[in-house]
Every structure is written in C-alpha cells, then in structure tokens.
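# Coordinate inspection notes
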Amino acid sequence: MLKKIPFLIVLASFAMLLNGCARNTTPVTRTGFYFDTVIQVTIYDAEKKDCLDECMALADSYEKMLSPSVEGSDIWNINHSGGMPVQVSDETAELLKTALTYCEMSGGRIDLTMETVSRLWDFHPYETTADSAPDSKTDAGTALDRIPDSDTIAEALLHVDYHNLHMEGTTVTLLDPESQISLGFIAKGYIADKLKEYLLSENIRSAIINLGGNLLAVGVKPDGSPFQFGIQKPFDTQGTPVTVLSVSDKSAVSSGIYERYFYQNQVLYHHILDASDGYPVQNNLLGVTILSDSSTVGDALSTTCFVLGPEEGMQLIESLDEVEAVFVTKDYALHYSSGLSPKEDANR
C-alpha cells in the first residue's frame with residue numbers, strides 16, 4: 001500500500017497541553033487506514049475518548065459510500081451501471097452536486113469523470129530489486145515504462161466530460177456508459193467536515209482531524225491559542241515545514257506535485273492530471289494550500305487552483321470570501337493571498 005507523506009504537518013506540542021488538574025484537556029488520539037491513507041483524529045478531552053471509535057466508524061462508512069474501488073459503494077454502483085439510473089444516498093448526491101460546481105469553476109480542467117484516464121496511470125512507489133530500481137531523477141524509463149500510450153489516453157479522454165453526469169434528486173445516470181467518476185479531489189474534505197460535525201455534536205471543542213494531510217482544526221488549543229500547521233517543504237522527506245500557519249477552527253488542505261510522482265527520462269510525472277489532455281498539469285507550481293472554514297471547499301479549491309496555475313488560481317482565491325491560500329512556486333518562493341500573513345518561513 002502507498003504510504004502517503006502529508007503535505008501538512010501538525011506542529012502543536014502535546015506535552016504543553018497536558019494538565020493534571022484539568023483531566024478533560026488531555027489529548028487522546030486514534031489512527032486508522034482509510035481512503036488509501038493513514039488518518040488520525042486527536043481530541044483534547046480524555047473523558048470523551050469513546051468518540052474516537054465513532055470517528056473511525058464514520059470514516060469506514062464514508063469509504064464504503066464514496067470510494068470507486070469499494071464494491072457496492074454509491075460511486076462503484078454508478079461506474080458499473082452501464083448507463084442505467086442509480087439511486088444514491090442523500091450525502092452522495094449532495095457531494096456530487098458540489099463537485100460539479102468545481103468542475104464548472106475550473107472550466108472543465110478538473111473533471112469528476114477523469115477516472116477513465118486516472119486509472120491508466122500508476123503513481124505508486126516503484127517496486128523492484130535493489131540493483132534495478134530507479135531512484136530520484138535517474139532514468140526510470142530504462143527499467144519500466146510508466147507513461148500510458150498516447151492513443152490510449154486519447155481514447156479514454158473521449159469519455160471525460162462532467163456533463164455526462166445527469167442528476168435528478170438522488171437518481172444519478174451516466175449518459176456515457178463508459179464514463180467513470182471519482183470524488184478524489186473533494187471527498188476527504190467532505191468527510192473531515194462530517195467528522196467535525198459529529199465531534200461538535202458531542203460537545204468536543206478542541207480537536208485535530210488529519211485525513212492524510214488534509215487538516216481540520218476544531219476550535220483552538222485548550223489554552224486558547226491557535227494550532228500550528230506547517231506546510232511541508234516540497235520533496236523533503238523529513239517533514240521540514242517551508243512555512244507555518246496559525247489555524248483556529250479552520251481547515252488547511254494542500255495539493256502538490258511532490259507526494260505521488262515518478263521520474264522517467266529525467267522528467268517528473270505527478271498525479272494531478274489535466275482533464276484537457278490527460279497528462280500531469282504543467283505549470284510553475286509545486287503546491288497550493290487553502291485555508292477555509294469548510295474542508296470540502298479547501299479540498300476542492302486546492303486542486304482547482306493548482307490546475308488553474310499561480311496567476312489564475314490566486315485570482316480565484318481573491319474573488320472568494322473567507323478563503324485564503326499559500327502558493328509555492330518552483331523556485332520555492334511563497335505567495336500569500338491578501339488576507340494571509342506569514343507567521344514564519346522555515347529554512348528552504
């Protein structure tokens with residue numbers, strides 16, 4: 001299984017939060033593996049630790065609802081419907097409608113029907129013997145051709161069009177039976193929001209939800225100070241932050257080229273694909289981090305802005321209320337939206 005390196009790092013010091021006289025602020029954490037990544041929920045209320053079991057149960061239920069690879073999920077049923085109408089849950093219908101707005105916002109540069117193309121690419125770690133495995137920028141093409149055939153990509157692109165998804169209430173139909181959908185660019189944000197909603201219903205007011213680097217702060221630290229989230233330095237495997245953000249009751253979500261990628265013929269190929277041509281997006285960005293009240297919004301916008309590029313992406317952020325962003329360009333320069341000031345720039 002792919003072990004993901006998170007784009008965002010929680011920098012809160014748990015030791016500073018321990019308080020023997022205030023038992024309910026002791027942090028307790030639960031970890032699980034869902035959505036092809038390690039997830040972690042930390043609450044600062046030891047008396048409510050049983051809530052963590054429900055958080056993992058919710059994660060499991062949403063994976064079974066939204067994953068295209070889980071047989072019987074709503075998304076799996078749509079993809080295997082042969083173009084016949086499929087009845088989905090209210091939540092799936094809600095998320096599909098939201099995803100379509102971002103497909104429209106990007107002018108189709110991101111498209112929830114990209115699964116036909118995405119499944120042609122393999123960005124999992126290269127597994128081979130030590131004497132033949134390519135590393136870093138060496139020529140991986142000598143050992144394995146990982147780039148799909150251009151004609152195969154072109155054929156798959158014929159079935160990529162978010163307009164093929166027709167919805168009437170909770171009834172979903174793929175107008176092109178060979179189209180395939182995935183909510184990978186928005187689902188984790190939606191699930192994080194649902195986990196936060198549950199924690200608040202249990203009167204938990206201080207927590208961190210970490211879905212593979214998609215971070216959502218519930219409230220603030222027990223001492224009233226904000227959480228500290230570090231944006232990972234691109235391609236750094238030690239978790240070095242390139243900058244640090246103070247986050248209170250907000251989501252921080254990143255998209256970048258430095259998590260799932262490979263080199264072939266000394267060219268980097270990453271997992272963020274452009275729906276216009278089926279190949280990895282080519283622009284001047286290494287990563288985009290979005291701060292927002294809603295993790296659903298942050299998840300979708302991080303991909304949308306990355307695909308749009310630094311200029312058009314930042315213009316989009318500046319047009320939205322209650323949303324801020326940090327863009328990291330290929331020279332490792334940091335570009336902040338107008339409402340966000342850097343707290344700390346780490347060593348680059």
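Cut-offs applied
- Residues numbered from 1 in each chain as written.
- Predicted model: local features only at pLDDT ≥ 70, side-chain atom pairs only at ≥ 80, totals over all residues.
- Heavy atoms only, no water.
- Helix = DSSP H or I, 4+ residues; strand = E, 2+ residues; numbered from the N terminus.
- Buried < 20%, exposed > 50% of the residue type's maximum accessible area, 1.4 Å probe, protein only.
- Contact = heavy atoms within 4.5 Å.
- Areas by Shrake-Rupley, 256 points an atom, 1.4 Å probe, with all protein chains shown as cover.
- pLDDT = per-residue confidence, 0-100.
- Pairing = 2+ DSSP bridges.
- Axes fitted to C-alpha atoms, helices over the stretch in contact; angles between N-to-C directions.
- Salt bridge = Lys/Arg side-chain N within 4 Å of Asp/Glu carboxyl O.
- Phe/Tyr/Trp six-rings, centres within 6.5 Å; stacked < 30°, edge-to-face > 60°.
- Expected span 1.5 Å × (residues − 1).
- Polar contact = N/O pair within 3.5 Å; in protein donor to acceptor, adjacent residues only side chain to side chain.

Moving on to the overall build of the chain. Helix and strand counts for the chain come out as eight helices and 17 strands. Relative to its full complement of 348 residues, the chain shows a buried share of 54%. Taking contacts inside the chain between residues at least 6 apart in sequence as the whole, the part at least 24 apart equals 63%. Accessible surface, the chain as shown: approximately 15300 Å² in total, 48% of it carbon and sulfur.

What follows is about the confidence of the model for the chain. In this model, the chain carries an average pLDDT of 88, and 85% of its residues clear a pLDDT of 70 or more. Predicted confidence for residues 344-348 stays below pLDDT 50, and this span has 18 contacts to residues more than four positions away or in other chains.

With respect to topology, three strands assemble into an open sheet ordered 4-6-5, the strand pairing being antiparallel. The sheet terminates laterally at strand 4 (86-87) and strand 5 (165-168), the two strands that pair on one side only. As paired strands, strand 5 and strand 6 (residues 171-174) are joined by four bridges and run antiparallel to one another. In the sheet register, Met 167 faces strand 6, and the bridge partner there is Val 172. Where helix 3 (residues 90-105) meets the sheet, it contacts strand 5 and strand 6, and its direction lies at approximately 130° from that of strand 5.

For the rest of this paragraph, the subject is the pattern of salt bridges. Where side chains of opposite charge bring their charged atoms close, a pairing between them can arise. Under the counting rule described, the total for this entry stands at eight salt bridges. Lys 196 serves as the salt-bridge partner of Asp 249, at 3.0 Å between the closest nitrogen and oxygen. A residue pair is termed long-range when its members are at least 10 positions apart, and Asp 249 in the loop between strand 10 (241-247) and strand 11 (251-256) and Lys 196 in helix 6 (residues 187-201) qualify at 53 residues. Judged by its relative accessible area of 34%, Asp 249 falls in the partly exposed class. For Lys 196, a relative accessible area of 12% translates into the label buried. If you follow the salt bridges from partner to partner, you end up with Glu 91, Lys 194 and Glu 197 in one network.

Turning our attention to the packing of aromatic side chains. For the structure shown, the criterion picks out 13 aromatic pairs. Plain terms: the ring middles of Tyr 34 and Phe 35 are 6.1 Å apart, the flat faces sit at 45° to each other, and that makes the pair tilted. Summarising the burial analysis for this pair, Tyr 34 and Phe 35 share the class buried. Between Tyr 261 and Tyr 263, the aromatic rings sit 6.0 Å apart at their centres with planes inclined by 90°, giving edge-to-face as the arrangement. What makes Tyr 263 buried here is its relative accessible area of 14%. Here the aromatic residues Trp 121, Phe 123, Phe 262, Tyr 269 and Tyr 279 are joined through ring pairs into a cluster of three or more.

The terminal C-alpha atoms of helix 7 (residues 295-308), which comprises 14 residues, lie 20 Å apart, in line with the 20 Å expected from a rise of 1.5 Å per residue. The buried fraction of helix 7 is high, at 13 of 14 residues. For helix 7, the N-terminal capping position is held by Ser 294, with its side-chain oxygen 3.2 Å away from the main-chain nitrogen of Thr 296.

Taken together, the eight strands give an open sheet; going across it, the order is 2-3-7-8-11-14-15-16, and neighbouring strands pair in antiparallel fashion. Either end of the sheet is taken by a strand with one partner, and the two such strands are strand 2 (27-34) and strand 16 (334-336). Direction aside, neighbouring strands of the sheet carry axes that sit 10° apart on average. When strand 11 meets strand 14 (residues 285-292), the two strands line up antiparallel, connected through six bridges. The partner of Gly 256 across the bridge, within strand 14, is Gly 287. Each of strand 8 (214-219), strand 11, strand 14 and strand 15 (323-329) touches helix 7; the most contacted strand, strand 14, lies at about 155° to it.

Let's shift gears to unusual backbone geometry. Positive phi outside glycine occurs at Phe 235, with the angle close to 70°. For Phe 235, the position within the fold is in the loop between strand 9 (227-232) and strand 10. Located in the positive-phi region is Asn 265, a residue other than glycine, with phi close to 50°. Topologically, Asn 265 is positioned in the loop between strand 12 (261-264) and strand 13 (267-270).

Examined against the element boundaries, Ser 302 turns out to sit in helix 7. A distance of 2.8 Å separates the side chain of Ser 302 from the side chain of Ser 255, its partner in a polar contact. Once you skip the residues sitting within four places of it in the chain, Ser 302 turns out to touch Val 253, Ser 254, Ser 255, Val 288 and Ile 290.

The subject of this paragraph is the environment of Val 86. Its place among the elements puts Val 86 in strand 4. The exposure class of Val 86 is buried, given its relative accessible area of 10%. For the pair formed by Val 86 and Thr 171, sequence separation is 85 residues and the distance between their alpha carbons is 5.5 Å. Not counting the four nearest positions on each side in its chain, Val 86 is found in contact with Asn 77, Ile 78, Ser 81, Thr 170, Thr 171 and Val 172.

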